[in-house]
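# Coordinate analysis (summary)
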2 protein chains.
Amino acid sequence: MQGSKGALKRQKIMKQINAKTKVCILIGDPVGHSLSPLIHNASFRALGINFVYLAFQVKDRDFENAIKGMKAFNFQGASITIPHKVRAVEHMDSLDPVARKIGSINTIVNQNGKLKGFNSDGMGALKALQDHRVDLNGKSIFVLGAGGVARAISFALAMSSQLKELHIGGIIKEEINCLVNDLRGVTEATIQGEVIGGGAFWGKIPKFDILINCTPIGMYPNTDKSPVPDDFLGKEQLVFDVVYNPPKTRLIKEAERIGCDTISGMEMFINQAVVQFEHWTGEKAPEEVMRKVVLDHLAER
Amino acid sequence: MQGSKGALKRQKIMKQINAKTKVCILIGDPVGHSLSPLIHNASFRALGINFVYLAFQVKDRDFENAIKGMKAFNFQGASITIPHKVRAVEHMDSLDPVARKIGSINTIVNQNGKLKGFNSDGMGALKALQDHRVDLNGKSIFVLGAGGVARAISFALAMSSQLKELHIGGIIKEEINCLVNDLRGVTEATIQGEVIGGGAFWGKIPKFDILINCTPIGMYPNTDKSPVPDDFLGKEQLVFDVVYNPPKTRLIKEAERIGCDTISGMEMFINQAVVQFEHWTGEKAPEEVMRKVVLDHLAER
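Please read all numbers here as calculations on a predicted model, not as lab measurements. Each chain has its residues counted from 1, running along the sequence as written. Just so you know, chain letters begin at A and ligand numbers begin at 1, following the order they were written in. Local features in a predicted model are, by the rule used here, given only for residues with pLDDT of at least 70; side-chain atom pairs are given and counted only at 80 or more, and totals for whole chains, interfaces and linings are based on all residues. Side-chain descriptors were evaluated using all non-hydrogen atoms of the structure, hydrogens and water having been removed beforehand.

## Let's talk about the environment of G265(B)
All names here are of chain B. Secondary structure elements follow DSSP: runs of H or I no shorter than four residues count as helices, runs of E no shorter than two count as strands, and numbering proceeds from the N terminus. The residue G265 is located in helix α10 (residues 265-281) in this model. By relative accessible area, which is 0% here, G265 ends up buried. Separated by 132 residues in sequence, G265 and R133 place their C-alpha atoms 17 Å apart. The contact definition used throughout considers only heavy atoms, calling two residues in contact when any of these lie within 4.5 Å. Residues in contact with G265, not counting those within four places in the same chain, are D241, V242, V243 and Y244. Classification of residues uses two cut-offs on accessible area relative to the type maximum, computed with a 1.4 Å probe and protein chains only: under 20% is buried, over 50% is exposed, and between them is partly exposed.

## A closer look at the pattern of salt bridges
Salt bridge, as applied in this entry: a Lys or Arg side-chain nitrogen positioned within 4 Å of an Asp or Glu carboxyl oxygen. Evaluation of the coordinates by the stated rule reveals 32 salt bridges over all chains. Between R250(A) and D230(A) there is a salt bridge whose closest N-O contact spans 3.0 Å. Residue R250(A) is found in helix α9 (residues 250-257), and its partner D230(A) is found in the loop between β10 (210-213) and β11 (238-241); the two are separated by 20 residues along the sequence. Here K59(B) and D29(B) are joined by a salt bridge, their closest N and O atoms 3.4 Å apart. In this pair, K59(B) sits in the loop between β2 (51-57) and α3 (63-72) while D29(B) sits in the loop between β1 (22-28) and α2 (36-47), placing the two residues 30 residues apart along the sequence. If you follow the salt bridges from partner to partner, you end up with K127(A), D131(A), E267(A), E287(A), E288(A) and R291(A) in one network.

## Concerning the interface of chain B and chain A
Facing 40 residues of chain B, the contacting portion of chain A comprises 40 residues. Roughly 3400 Å² is buried in total at the junction of chain B and chain A, and carbon and sulfur atoms are behind 68% of that figure. Where chain B packs against chain A, one counts zero salt bridges. Here a polar contact is recorded for every N or O atom pair within 3.5 Å, except that within protein the pair must consist of a potential hydrogen donor and a potential acceptor, and residues adjacent in sequence are included only if both atoms are side-chain atoms. Between the two partners, chain B and chain A, sit zero residue pairs in polar contact (both at pLDDT 80 or more). At the level of elements, α1 (5-15), β1, α2, β2 and α3 of chain B are the ones that each hand at least two residues to the side of chain B that touches chain A. By convention, the term buried area covers the 1.4 Å-probe accessible surface removed from two parts as they join, with the contributions of both added.

## Some thoughts on the packing of helix α10 (residues 265-281) of chain A against helix α11 (residues 287-300) of chain A
Residues and elements named next belong to chain A. Between α10 and α11, whose axes approach to 10 Å, the crossing angle comes to 130 degrees. In terms of orientation, α10 and α11 fall into the oblique class. As α10 runs across α11, the sense of the crossing is right-handed. Touching M266, E267, F269, I270, N271, A273, V274 and F277 of α10 are E287, M290, R291, V294, L295 and L298, all from α11. Among the residues making up the contact of α10 with α11, the classes are represented as 10 nonpolar, one polar and three charged. Inter-axis angles, ranging from 0 to 180 degrees, are taken between N-to-C directions of lines fitted to C-alpha atoms, where helices are fitted over the stretch in contact. Any angle that is under 35 degrees is reported as roughly parallel, and any over 145 degrees as roughly antiparallel; angles of 65 to 115 degrees are reported as roughly perpendicular and all others as oblique. Crossing chirality is assigned from the near helix's rotation relative to the far helix, an anticlockwise turn below a right angle marking it left-handed and a clockwise turn marking it right-handed. Under the grouping applied here, Gly and all other residues not named as nonpolar or charged are polar, the nonpolar ones being Ala, Val, Leu, Ile, Met, Phe, Trp, Tyr, Cys and Pro and the charged ones Asp, Glu, Lys and Arg.

## Comments concerning the sheet that holds strand β5 (residues 107-111) of chain A
Residue and element names in this part refer to chain A. Strand pairing follows a simple DSSP-based rule, namely that at least 2 bridges must link the two strands. Read across the sheet, six strands follow the order β2-β1-β3-β5-β6-β4 without closing on themselves; strand pairing throughout is mixed. Edge positions in the sheet fall to β2 (51-57) and β4 (94-95), since each has one partner strand and no second. Together, β1 (22-28) and β2 form the strand contacts of helix α2 (residues 36-47), whose direction differs from that of β2 by roughly 170 degrees. Where α10 meets the sheet, its contacts fall on β1, β2, β3 (77-80), β5 and β6 (114-118), and the angle it forms with β5 comes to roughly 10 degrees.

## A few points about unusual backbone geometry
Between Y220(A) and P221(A) the backbone carries a cis peptide bond, its omega angle lying at 5 degrees. With a phi close to 55 degrees, N112(B) is a non-glycine residue in the positive phi region. Secondary-structure assignment places N112(B) in the loop between β5 (107-111) and β6 (114-118). By relative accessible area, which is 83% here, N112(B) ends up exposed. Although it is not a glycine, R133(B) sits at a positive phi angle of roughly 55 degrees. Tracing the backbone through its elements, the reader meets R133(B) in the loop between α5 (120-131) and β7 (140-144).

## Looking at the packing of helix α6 (residues 148-160) of chain A against helix α7 (residues 173-184) of chain A
All names here are of chain A. Two elements in contact, α6 and α7, have axes separated by 11 Å at closest approach and are oriented at 20 degrees. Between α6 and α7, the interaxial angle falls into the category roughly parallel. Crossing of α6 against α7: the hand is right-handed. Residues A150, R151, S154, F155 and A158 of α6 form the contact with α7, whose participating residues are C178, L179, D182 and L183.

## A look at the environment of E278(B)
Residue and element names in this part refer to chain B. Positionally, E278 belongs in helix α10. With relative accessibility at 29%, the residue E278 sits in the partly exposed group. When residues no more than four places from it in sequence are discounted, the contact partners of E278 are E283, K284 and A285.

## Looking at the domain arrangement of chain A
Residues and elements named next belong to chain A. Here the limits of each domain have been adopted from an automatic or database domain assignment. Here the domain parsing of chain A yields domain 1 (2-118 + 273-300) and domain 2 (122-263). Distance from the C-alpha centre of domain 1 to the C-alpha centre of domain 2: 29 Å. Contacts between the two partners involve 13 residues from domain 1, matched on the other side by 12 residues from domain 2. Three residues stand out in domain 1 for area buried against domain 2, namely K101, I102 and L298, and they jointly supply 48% of the buried area on that side. Across the pair K127 and E287 runs a salt bridge whose closest N-O atoms are separated by 3.1 Å. The interface formed by domain 1 and domain 2 includes three residue pairs in polar contact (both at pLDDT 80 or more). At the level of elements, α4 (97-102), α10 and α11 are the ones that each hand at least two residues to the side of domain 1 that touches domain 2.

## Concerning the packing of aromatic side chains
Pairing of aromatic rings covers Phe, Tyr and the six-membered ring of Trp, with a centre-to-centre limit of 6.5 Å; geometry is then stacked below 30 degrees between planes, edge-to-face above 60, and tilted otherwise. Going through the model one piece at a time under the given rule, you end up with 22 aromatic pairs over all chains. Aromatic rings pair up to connect F56(A), F73(A), F75(A), F56(B), F73(B) and F75(B) into one cluster.

Now the structure itself:
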């Protein structure tokens, strides 16, 4: 009897925030509109595990001390967001090889007091494609955008598969050249890059197996915009938009209309959270709980 | 266990955790048995304010980085416990004058990015006496013990009132002498100190207006022990025991038996938490909620 009472008491205490609660955090500036606290806390609750996720606005000058504090307090993990994704790389004890090539991280995992950096954006995109049973080997991919998200996705795809071709369309020439050169160092696929614009540019898009929009064009509140003119999608193409708000962007709607297979930004957004969650907890993430949190939140706007 | 009371409590806390949640922490080593997370989280819930209290085990070598992290993450406050109470003093941007004299802090308040150190043990004892409408001016006080708690209470009383006499009975001669000398620097009251023991020692106790036990004698599981032989309490005396587990120690029971007014360690324990809570939140602490948490916890043992 004493044993069962003890076990009951232990369970009761374990269900509350206490000295054993493991802490994951968001470090960014600003952090006020992040969905990550809602997504991860709902998932911890759903699994009944003793974790909590907190968001901290950390200024540039305080970032190094935040990392020192993360170690001193033995936080289990962190999400890193703007403006710290690149800076964070040099503060890690080790780096995932893909994150090292991308040159930015958005996920830290505390492995026995050592901090390891990952980029879950790329991993989330890859997982979204895998969930759609897409075999990337031999495929040609057109990536719109050459910024942080485009880098993350391009390296994740190029380093995990034998792509045939990866074509980058960006706005800033130096950014495009940098990404093209860096990609050529990790893959034997044909890598090309050019500045977005003109009929010859758009005319190339339909010939690619997969189109991935990594620009913010079409994001709320500019939901009437699309990164690609409506006439330049290929009917056989897989169209993947990283924008998740709205869940169906104009690009995705147009792609669906002409019969394309599509992957919405929601898939990638949920999957990058899944990757973080599973790294921190070692548990399978409750994807449907995460999806519901995001959809409920978007519906509330 | 989804339906258990504990799970519901945790869900209530976690549902409101977002980017605006203010964070208070415990820094110590060990922290596993601290009641502070239960007390403060229950109080935040009772007031419906967006705070959370977390406990972190921080090693000696990590203390400085924990303080840097506390600033980087802009934590609202901290409780400091063994072994960091003395070390913490030198890391504060400012110190409460009484805490400076005591030479140790157990409370940090973040005031617009600057950390101020307090000692809520002394303030809690003072508040417990004030709650009993005790006028300390002109009073003679016998303090048993010369360690950290005795220092905290002695300075809080000596610096807030015109005491007539403060008599310290301790075990370690150097500790007693140090406390006596330091106290003489802050008060015009007669300050004496001596090593505990012998009939002449105990015979002095009944002549004092107030007896305060600052030793752990009588604490669970040694509840049959008392720091003072039963025959040496004065009938007109106020007897104050800092031990709160059990809420009625043998010393308090004996004092009640012969008709003394008494203050239990529970009063001081609750009041030191009240002082912390009010410093961090600016809100009146829900004392009855705190008391219930502590009593429920002690009843579960």
